[in-house]
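Structural overview for review
For reference, the chains in residue letters:
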Amino acid sequence: LVKQGLSLKEALLNYEVKALLLTLKKEFSKAEALYLENGVPDKAVEMYQEVHLWEESLRIVESTQKEAYSSQKASYIEWLLETNQEEKAAEIYEKDGALTQAIELLIKARLPVQAARLVITAHLSKDDEMTKRVFANLNSTEAFEAAGDLKLNFGEEDNALALYIKSGAFSKAVDLAKSVFPGSLSSIQEKWGDSLFEENHREKAIYHYLEAGNTKKALDAAIICHQWQRAISFLNALSPSDQKIYCKSIAKQLESTRQYDLAEKYFVKAEQIDLAFAMHLKAGRIKEALKFGKENWSPAEFAENCEVEAYEFEKRGDYVMAERLFIETGKSENAIKMYKEKGMYDHMLRLFVVYRPDNLKEAHRWIGKKMEEDELLQTAERHYLEANAWTSAVDMYEKRRMFKDCIRLCKNYASDRDTVERAKRWEVILGEDQLVELLKESSLVDSLIDFLCEKKKFAEAQKLAEVSRHKLPDIHLSIAMVLEDEGKLKEAEKEYIAARKIDQAVQMYLEVSDF
């Protein structure tokens, strides 16, 4: 336009330019209006075809270029078929009343539901080849509801009903049954309820179960939906035996939602006292469980059930609950045995203190032996000492040649003399010199001096007496007795005098008549 001599401003005011700009902004209806105002509808048709808005294009052709409508529509249908839009093409044929052509396209597009609708509209017979093809497509695509509609159209009510049920079109099935098959209503309502139940629409299923007269299924659904009042209201319609079964189901569901008191009520109605008792225990409601059990069982039954549950808790590793139940029934020995078998000795001893104090030391001794077998020596020692069996602890260390530990215990629980007496056993293993060193390290000087005197190692004994001078007389006495035995009386006399044992020196001379 500018090249034709128009200014830019004049060019922008041109209707064609305005229409093109509107097209770019996808404001097609405004562009169309401009073209029509300026008497160029073919421009509007061209615009719509370029953006594949064929229906808008045909609308304009039909109103402004009727002689071109058929060819334009044919072109549109051709384009739809090229782009696999058979359903859209079928709509055009249907609009024009060409129903068989529309059905053919829908069959080709595997749209049998839409095809079935047109079979009815076209009043085709059930024996028509096209009708048979539509039925085949409906079955292969499992479009059973539409097949049912088609069967009903041909007066095949029984087949239509079966197809409605198969497809889950229960509303149509019920409507058909009411007018034609009233005897099958209950069965259909129950199947409808089953279908809803499986699809987790259980509240809706209740209504259909009731319509079917199936109170049990309605009750099951109400229980699962936690509609307790409705469930309870259904109970009266059941036999006493069935009531017990459903009371148990209600109780279990109430238990799962932690409504323990209400659950207890229905366990009782179901005569399931043991389940109510177990429920309280599992929930950690020990006080409620014991109270309930005592109220509903004889003492013997209560004790038996407590013991049964105690063993169950023991299997599950809940030893605190197991102990509580064992104790409640006076079976403390079972609780003690449980802890003993599990190696839980502190808990075992705790019960001994309360229930079997006379056997507490024996229990400590047994644990000591067990710990010794497991080489847990310090723990074993502790239990031996609690049992006042310190010698067993010494024996344990002696077997393992842990002589320092032996001496430590002997010094705490026996005299130094007895300690050295015990230590003498080890001379064969340690040798005399090593044993002497061990006794020295253990600060047993006095008893060591006695030991050296027995060994006639008087020089070593006298050396040790430098730090334990009160033992010197004992050393001199030991030397005197040895000299006397050897017949060295004069030397023995000096030692007796050094030992301040004048009377024994006199007695020595009297015995040999040396007055």
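Just above, that's the structure.
Summary of the structure given here. (Residues numbered from 1 in each chain as written. Predicted model: local features only at pLDDT ≥ 70, side-chain atom pairs only at ≥ 80, totals over all residues. Heavy atoms only, no water.)

1. What to know about helix α16 (residues 215-224)
The line we're drawing: Only protein chains enter the accessibility calculation, which uses a 1.4 Å probe; a residue is then buried when its area is under 20% of its type maximum, exposed when over 50%, and partly exposed in between. Helix and strand labels come from DSSP, where a helix needs a run of H or I of at least four residues and a strand needs a run of E of at least two; each type is numbered from the N terminus. The contact criterion used is simple: two residues touch if any of their non-hydrogen atoms lie within 4.5 Å.
For α16, the full list of buried residues reads A218, L219, A221, A222 and I223. Residues of α16 that are buried make contact with α14 (185-198), α15 (202-211), α17 (228-235) and α18 (240-256). Backbone geometry just downstream of α16 places H226 in the positive-phi region, at approximately 60°.

2. Focus: the packing of helix α25 (residues 345-355) against helix α26 (residues 360-373)
As a reminder, the rule being used: Axis lines are fitted through C-alpha atoms, for helices just across the contact stretch, and the angle between N-to-C directions can take any value from 0 to 180 degrees. What sets the label is the angle itself: under 35 degrees gives roughly parallel, over 145 gives roughly antiparallel, 65 to 115 gives roughly perpendicular, and the rest give oblique. When the near helix sits turned anticlockwise from the far one by under a right angle, the crossing is termed left-handed; a clockwise turn instead gives a right-handed crossing. Three residue categories are used. Nonpolar comprises Ala, Val, Leu, Ile, Met, Phe, Trp, Tyr, Cys and Pro, charged comprises Asp, Glu, Lys and Arg, and polar comprises the others, including Gly.
Contact geometry for α25 and α26: axes closest at 9 Å, N-to-C directions at 165°. As far as their axial angle goes, α26 and α25 are roughly antiparallel. The hand of the α25/α26 crossing is right-handed. Where α25 approaches α26, its residues Y345, M348, L349, F352 and V353 are matched on the opposing element by L360, A363, H364, W366, I367, K370 and M371. Tallied by class, the residues present in the contact of α25 with α26 amount to 10 nonpolar, one polar and one charged.

3. A word on the pattern of salt bridges
Two side chains that carry opposite charge are able to pair once their charged atoms sit near each other. Counted only if it meets this: Salt-bridge detection follows one rule: a side-chain nitrogen of Lys or Arg within 4 Å of a carboxyl oxygen of Asp or Glu.
In this structure the tally under the stated criterion is 24 salt bridges. When the shortest N-O distance is used, the salt bridge between E323 and R350 registers 2.8 Å. With E323 in helix α23 (residues 319-328) and R350 in helix α25, this residue pair connects regions lying 27 residues apart in the sequence. Classification of R350 as partly exposed rests on a relative accessible area of 35%. Taking the shortest distance from any N to any O, the salt bridge between E372 and K399 comes out at 3.9 Å. Placement of E372 in helix α26 and of K399 in helix α28 (residues 390-399) is noted, with a sequence separation of 27 residues between them. In the salt-bridge network here, residues are joined through shared partners; they are E372, E375, K399 and R400.

4. What about the side chain of T329?
Definition in use: In protein, a polar contact means a hydrogen-donor-capable atom and an acceptor-capable atom, both N or O and within 3.5 Å, with residues adjacent in sequence counting only if both atoms are side-chain atoms; elsewhere, any N or O pair within 3.5 Å suffices.
The topology assignment puts T329 in the loop between α23 and α24 (332-341). For T329, the side chain forms a polar contact with the main-chain oxygen of L325, separated by 3.2 Å. Filtering out sequence-adjacent residues up to four positions away, T329 remains in contact with F302, A303 and C306.

5. A few points about unusual backbone geometry
With a phi angle near 60°, E271 is a residue other than glycine that sits in the positive phi range. For E271, the position within the fold is in the loop between α19 (260-269) and α20 (273-282). For E271, a relative accessible area of 54% corresponds to the exposed category. Positive phi is not limited to glycine here, since E375 has a value of about 65°. Residue position: E375 is located in the loop between α26 and α27 (377-386).

6. Looking at α20
For α20, the tally of buried residues reaches seven of 10 residues, placing the bulk of the element in the interior. All of the buried residues in α20 are I273, A276, F277, A278, M279, H280 and L281. Along its buried surface, α20 packs onto α18, α19, α21 (286-296), α22 (299-315) and α23. One or two steps after α20, the chain reaches G284, where phi turns positive at roughly 75°.

7. Some points on a nonpolar patch on the surface
Heads up, the rule is: A patch consists of residues exposed above 30% relative accessible area that lack any salt bridge, with like charges linked at up to 9 Å and nonpolar side chains (Val, Leu, Ile, Met, Phe, Trp, Tyr) linked at up to 5 Å. The Shrake-Rupley method, run with a 1.4 Å probe, gives the accessible areas here. Residue values count only the displayed protein chains as cover.
Taken together, I497, I502, V506 and L510 make up a surface patch of nonpolar side chains, about 340 Å² in accessible area. Here the element with the most residues in the nonpolar patch is helix α37 (residues 502-511); it accounts for three residues. Mapping L510 onto the fold places it in helix α37. With relative accessibility at 44%, the residue L510 sits in the partly exposed group.

8. As for the side chain of H383
Looking at the element boundaries, H383 is found in helix α27. Setting aside residues up to four positions removed in sequence, H383 forms contacts with L349, H364, R365, I367, G368 and M371.

9. Focus: the packing of α22 against α23
The contact between α22 and α23 brings their axes to 8 Å, and the two run at 160°. For the element pair α22 / α23, the angle class is roughly antiparallel. Considering only the axes of α22 and α23, their crossing is left-handed. Two secondary-structure elements touch here, α22 through F302, C306, E307, E309, A310, Y311, F313 and E314 and α23 through Y319, M321, A322, L325, F326 and E328. In terms of residue class, the contact of α22 with α23 is built from 10 nonpolar, no polar and four charged.

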